[in-house]
Amino acid sequence: MELYKIADNINLISDFLGIRDIDTLTSDALEEKYKFSQADLLILFGASIAYGCDVVGKAISNNIAKNFMIVGGEGHTTESLRRAIHSILPEIVTTGKMEADIMSEYMKRKYDIDNILIERNSTNCGNNITYALDIIKQNNLSLNNIIIVQDATMQCRMDAGFRKYLHDSEVEVINFASYKVRVVIKNEKLVIEPSDIWGMWELERYISLLMGEIPRLLDDSNGYGPNGKNYIAHVDIPNDVLKAFEELKVEYGDLVRVANPLYASKTLE
């Protein structure tokens, strides 16, 4: 497959997965689309690359939400987060720490943000949600809306998880993938742009994460939808995204990320 076609397919899948319901994580963007300027709660999920801390830190500093939660225990992304945060602020001890604790320490030091709700027991995308809902209940938060910020490769699945567990409520979920990148061709090689996003995955890892999502989102006997493992609500995957995935499998079939049983729970992954 020609490089330009590979790049197009990667970008098509990433656009589908990296949902952003608003263009910028700002009060003005909320006001323009939803007619309110401050959300009831913003949740940052630990699986996001470290860059997400700055995206959210700036938004919280500008009062985008009344309450702020960080969710994340230890999972397949934890070591990369530990390295990224420690490289920027070596005084933060990250060895053995949970993602939520690492991120909250960074937020406190860089943005002087306190009063952060912490969930540090989750190990995967599924119990990220159920444990977050437990924290909401424990703190008696009355919510009309939630902004969820996740790694762009997993934002669609996170949205589908919230739709499953909030299906009988009137809570509005607003998605904001923590970054937007493109894969382009430079010097006859595939590269990620912009190239200066802090903690961004290496290209092969990025492709692996993107491709691993499509089988999970499929609502069939092997997927995570209601007709499969029933971890998430049904997701409609456009035909062009499915076609892009099948074409990429020819080149990168060995990169499709499988679930790591180390971070599974009894009911969710």
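Use the structure listed above.
Residues numbered from 1 in each chain as written. Predicted model: local features only at pLDDT ≥ 70, side-chain atom pairs only at ≥ 80, totals over all residues. Heavy atoms only, no water.

Novice: Teacher, can you tell me more about the sheet that holds strand β4 (residues 145-149) here?
Specialist: In a beta sheet, neighbouring strands pair by backbone hydrogen bonds and run either parallel or antiparallel. Spatially, the five strands line up as an open sheet ordered β3-β2-β1-β4-β5, and their pairing is parallel. The sheet is open, and its two edges are formed by β3 (117-119) and β5 (172-175), each paired on a single side. Each strand axis lies, on average, 25° off the axis of its neighbour in the sheet, ignoring direction. By the bridge criterion, three bridges tie strand β2 (residues 65-71) to β3 in an arrangement that is parallel. Bridge pairing links Val71 to Glu119 in β3. Together, β1 (39-45), β2 and β3 form the strand contacts of helix α5 (residues 99-111), whose direction differs from that of β2 by roughly 135°. Along the sheet face, helix α7 (residues 155-165) touches β1, β4 and β5 and points at about 150° away from the line of β4. (Pairing = 2+ DSSP bridges. Helix = DSSP H or I, 4+ residues; strand = E, 2+ residues; numbered from the N terminus. Axes fitted to C-alpha atoms, helices over the stretch in contact; angles between N-to-C directions. Contact = heavy atoms within 4.5 Å.)

Novice: Where do I start with the side chain of Asp40 in this structure?
Specialist: Structurally, Asp40 can be placed in strand β1. Accessibility expressed as a relative area gives 7% for Asp40, which makes it buried. Side-chain polar atoms of Asp40 contact the backbone nitrogen of Asn144, separated by 2.7 Å. In this structure, Asp40 is in contact with Lys66, Asn67, Ser142, Leu143, Asn144 and Asn145, ignoring residues within four places of it in sequence. (Buried < 20%, exposed > 50% of the residue type's maximum accessible area, 1.4 Å probe, protein only. Polar contact = N/O pair within 3.5 Å; in protein donor to acceptor, adjacent residues only side chain to side chain.)

Novice: Teacher, can you tell me more about a nonpolar patch on the surface here?
Specialist: A grouping of Leu3, Tyr4 and Ile185 is seen on the molecular surface, where their side chains present a nonpolar patch of about 260 Å² in accessible area. Positionally, Leu3 belongs in helix α1 (residues 3-17). Judged by its relative accessible area of 30%, Leu3 is partly exposed. (Patch = residues over 30% accessible without salt bridge, like charges linked within 9 Å, V, L, I, M, F, W, Y side chains within 5 Å. Areas by Shrake-Rupley, 256 points an atom, 1.4 Å probe, with all protein chains shown as cover. Salt bridge = Lys/Arg side-chain N within 4 Å of Asp/Glu carboxyl O.)

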